[in-house]
There are 2 protein chains.
Amino acid sequence: MTTQTIPGYTYGHPDVARSPVSMEEFERLKQTVLFTEEDVHYLRMAGDVLADQIEDVLDLWYGFVGSHPHLLYYFQGPDGQPIPSYLERVRARFGQWILDTCRRPYDQDWLNYQMEIGLRHHRTKKNQTDGVPAPPHIPLRYLIAFIVPITLTIRDFLARKGHSPETVEKMHQAWFKAVTLQVVLWSYPYARDGDF
Amino acid sequence: MTTQTIPGYTYGHPDVARSPVSMEEFERLKQTVLFTEEDVHYLRMAGDVLADQIEDVLDLWYGFVGSHPHLLYYFQGPDGQPIPSYLERVRARFGQWILDTCRRPYDQDWLNYQMEIGLRHHRTKKNQTDGVPAPPHIPLRYLIAFIVPITLTIRDFLARKGHSPETVEKMHQAWFKAVTLQVVLWSYPYARDGDF
Ligand code: HEM
Ligand code: HEM
């Protein structure tokens, strides 16, 4: 699937609003998560390592969500059943997100799309992209908590292409920083005015 | 310093309010960060490894904060200078926190004190414990972002007591989960009503 054909994927589109986080503030956030040019390098490498494993990664993550009723809940319709089209459409965007995390420059377009993803987890925009009647909001507590599974479970995939343990560790740390940085940006709509 | 003599440390005191997070919800949060009894075991081990290195850990973390003006800012008085008594008092509580993270049972008292720590970073209670005129609020974005330095920098300390790489990795993962779990709980006062 090319990025053009992923339903609801609007990265770089003119209708994605500008992020409320300035580039200057974003630089301070990168410093706070120890994110440097070296991490950009290892994310590119991780992108090459993960590119042909995306479906396996998604199987694992969807398996994790699917095996926890309190998480699967957010994909369910009013009848208490998961909505297949919703799971599928989000899955395609999630796969693209793995590549975007590794390969995109973290520029203004990227920053803007982070705000968009935050809004899509938050009650402001959840369900709208896919036109589904699922629960209206993903709680902040799970958004932050997910840093752990999304970070820990990627490691085995990073180690599958014969890189040295040191290189795998560097890719893994870069991934951890990139995921945390994004959850930080996604938390914006959740915070009380002035608290972000 | 015993816990009795740490200024402002009120763990288990009757005046610490009850956490708004129920034990049932806390169980779901533990599942979401993959936290199990095995992690409790490795946290205990980490406590033994870290106990005589606390000052070194704090030196590193304070060095990190001190070398970033956008972080040191939150310890400063109206004259733009860091307040030594504030740094010192918080440092003692921070040291105790390392041990609490490793050794305390994660029970109702623990849960209550997590809310208290959240409030002390948030505008609700920042500065009150130490009676200082520092900035009134630590932003949510830095609170979440700190998961990375607090996690990555502990690893070398965990590796210094001759444990196998596998055991160090287990202690490190347990630490990562415990820190993320706490930041989740600390984010409560930052979230808009119903968004947590
Ligand atoms: C580290 C935390 C998380 C990451 C990295 C992540 C990743 C993503 C990505 C990349 C998308 C698609 C964004 C797009 O539209 O382009 C998405 C959407 C979604 N995620 Fe997450 N997610 C996280 C936390 C969670 C949690 C805790 C849940 C709860 C089960 C969840 C459920 C969903 C749902 C339901 C959607 C669709 C939202 C909509 O209606 O547009 N996510 N997520
Ligand atoms: C993972 C994130 C963080 C951890 C684990 C952490 C840990 C702690 C601990 C254990 C305390 C003492 C709690 C008590 O009173 O018993 C504390 C207080 C404090 N921390 Fe943090 N902290 C984090 C994020 C931050 C950030 C991003 C800043 C900004 C520089 C910061 C600045 C402070 C300040 C100023 C206090 C004193 C608050 C007061 O007035 O009571 N912390 N922190």
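Residues numbered from 1 in each chain as written. Chains lettered and ligands numbered in written order. Predicted model: local features only at pLDDT ≥ 70, side-chain atom pairs only at ≥ 80, totals over all residues. Heavy atoms only, no water.

*Asks:* How would you summarise the overall build of chain A if you had to cite specific residues and measurements?
*Replies:* Along the backbone of chain A there are ten helices and zero strands. Scanning chain A from its N terminus toward the C terminus, one meets helices and strands in the order α-α-α-α-α-α-α-α-α-α. Its C-alpha radius of gyration of 17 Å places chain A within 12% of the 16 Å reference for a compact globule of 196 residues. By principal-axis analysis of the C-alpha atoms, chain A measures approximately 50 × 40 × 30 Å. Within chain A, contacts between residues at least 6 apart in sequence are counted, and of these 78% link residues at least 24 apart. Here chain A has roughly 8400 Å² of accessible surface; of this, 54% comes from carbon and sulfur atoms. The average position of the 20 basic charges and that of the 24 acidic charges among the side chains of chain A differ by 3 Å. (Helix = DSSP H or I, 4+ residues; strand = E, 2+ residues; numbered from the N terminus. Rg over C-alpha atoms; globule rule 2.2 N^0.38 Å. Contact = heavy atoms within 4.5 Å. Areas by Shrake-Rupley, 256 points an atom, 1.4 Å probe, with all protein chains shown as cover. Lys, Arg positive; Asp, Glu negative; His and termini not counted. Charge placed at Lys NZ, Arg CZ, Asp CG, Glu CD.)

*Asks:* I'd like a rundown of the coordination of the iron atom of ligand 1, residues and numbers included.
*Replies:* The expected angle between donors at a tetrahedral four-coordinate metal is 109.5 degrees. At an octahedral six-coordinate metal it is 90 or 180 degrees. Among protein residues, the single donor to the iron atom of ligand 1 is His121 of chain A (NE2), with a metal-donor distance of 2.1 Å. With respect to the helices and strands, His121 of chain A occurs in helix H6 (residues 108-121). (Donors = N, O, S within 2.8 Å, 3.2 Å for Na, K, Ca; no water.)

*Asks:* Which residues make up the UniProt feature "domain: Globin-sensor" (unreviewed entry) in chain A, and what values do they have?
*Replies:* As annotated in UniProt, the feature "domain: Globin-sensor" (unreviewed entry) corresponds to residues 23-194 of chain A in the numbering used here. Secondary structure within residues 23-194 of chain A divides into 66% helix and 0% strand; the distance between the first and last C-alpha atoms comes to 18 Å. (UniProt positions renumbered as here; feature names shortened; annotations may be inferred.)

*Asks:* Describe the relation of the copies chain A and chain B, naming the residues involved and giving the relevant values.
*Replies:* Of the two same-sequence chains, chain A is brought onto chain B (RMSD 0.0 Å, axial shift 0.0 Å) by a rotation of 180°. Given the turn and translation reported, the copies of this chain are related as if by a two-fold rotation axis. By residue overlap, the copies meet face to face through one surface: 100% of the interface positions of chain A are interface positions in chain B. (Least-squares fit on C-alpha atoms with pLDDT ≥ 70 in both.)

*Asks:* An account of the site of ligand 1 is requested, with residue identities and associated values reported.
*Replies:* Residues and elements named next belong to chain A. In the region of ligand 1, 22 residues are neighbours, and Tyr86, Arg93, Tyr113, Arg120 and His121 sit closest. With respect to ligand 1, the side chain of Tyr86 contributes an N or O atom lying 2.5 Å from an oxygen atom. In the model, a nitrogen atom of ligand 1 is placed 2.9 Å from a nitrogen or oxygen of the His121 side chain. Among the elements that line the shell around ligand 1, the one with the most residues is helix H5 (residues 84-103), at five residues. Taken together, the residues of the shell around ligand 1 sort by class into 17 nonpolar, two polar and three charged. (Near = heavy atom within 4 Å. Polar contact = N/O pair within 3.5 Å; in protein donor to acceptor, adjacent residues only side chain to side chain. Nonpolar A, V, L, I, M, F, W, Y, C, P; charged D, E, K, R; others polar.)

*Asks:* If you had to explain the interface of chain A and chain B to someone new, which residues and values would you point to?
*Replies:* Taken together, the contact between chain A and chain B spans 43 residues of the former and 43 residues of the latter. Interface area lost by chain A to chain B is led by Thr32, Arg141 and Asp195 of chain A, which between them contribute 17%. In this structure, the connection of chain A to chain B is made through six salt bridges. For the pair chain A and chain B, the interface holds 30 residue pairs in polar contact (both at pLDDT 80 or more). Listing elements by their share of the side of chain A that touches chain B, those giving two or more residues are helix H1 (23-32), helix H4 (69-72), helix H7 (140-145), helix H8 (147-152) and helix H10 (165-186) of chain A. In terms of residue count, H10 of chain A provides more of the side of chain A that touches chain B than any other element does, seven residues in total. Class assignment of the residues belonging to the side of chain A that touches chain B gives a composition of 22 nonpolar, eleven polar and ten charged. (Buried area = accessible area lost by both parts, 1.4 Å probe. Salt bridge = Lys/Arg side-chain N within 4 Å of Asp/Glu carboxyl O.)

*Asks:* Requested: an account of the site of ligand 2, with residues and values cited.
*Replies:* Residues and elements named next belong to chain B. In the vicinity of ligand 2 there are 22 residues, among which Tyr86, Arg93, Tyr113, Arg120 and His121 approach most closely. Tyr86 is positioned such that a nitrogen or oxygen atom in its side chain is 2.6 Å from an oxygen atom of ligand 2. Within the backbone of Asn127, an N or O atom sits 2.7 Å from an oxygen atom of ligand 2. Mapped onto the shell around ligand 2, the elements with two or more residues apiece are helix H5 (84-103), helix H6 (108-121), helix H7 (140-145), helix H8 (147-152) and helix H10 (165-186). Tallying contributions element by element places H5 first for the shell around ligand 2, with five residues. Among the residues forming the shell around ligand 2, the class breakdown is 17 nonpolar, two polar and three charged.

*Asks:* Describe in detail the nonpolar core, supporting the description with residues and values.
*Replies:* As a rule of thumb, soluble globular proteins bury nonpolar side chains together. One finds Trp175 of chain A together with Trp175 of chain B to be the most contacted residues of the largest nonpolar core, which totals 139 residues. When residues no more than four places from it in sequence are discounted, the contact partners of Trp175 of chain B are Leu43, Leu50, Trp61, Trp97, Ile98, Thr101, Cys102, Ile150, Thr151 and Ile154 of chain B. (Core = buried A, V, L, I, M, F, W, Y, C linked by side-chain atoms within 4.5 Å. Buried < 20%, exposed > 50% of the residue type's maximum accessible area, 1.4 Å probe, protein only.)

*Asks:* Help me get a handle on the pattern of salt bridges, residues and values and all.
*Replies:* Where charged atoms from two side chains of opposite charge come close, those side chains can pair. Scanning the model with the defined rule gives 36 salt bridges over all chains in all. One salt bridge in this structure joins Asp39 of chain A and Lys177 of chain A, with 3.1 Å as the shortest N-O distance. With Asp39 of chain A in helix H2 (residues 37-50) and Lys177 of chain A in helix H10, the pair connects residues that are 138 residues apart, well separated along the chain. Both residues of the pair, Asp39 of chain A and Lys177 of chain A, count as buried. Members of the salt-bridge network, linked through shared partners, are Glu24, Glu25 and Arg28 of chain A together with Arg141 of chain B.

*Asks:* Which residues make up the side chain of Thr167 of chain B, and what values go with them?
*Replies:* Residues and elements named next belong to chain B. Tracing the sequence through the fold places Thr167 in helix H10. Residue Thr167 is classed as buried on the basis of its relative accessible area of 18%. At a separation of 2.9 Å, a polar atom in the side chain of Thr167 contacts the side chain of Ser164. Among residues more than four places away in sequence, those in contact with Thr167 are Tyr42 and Met45.

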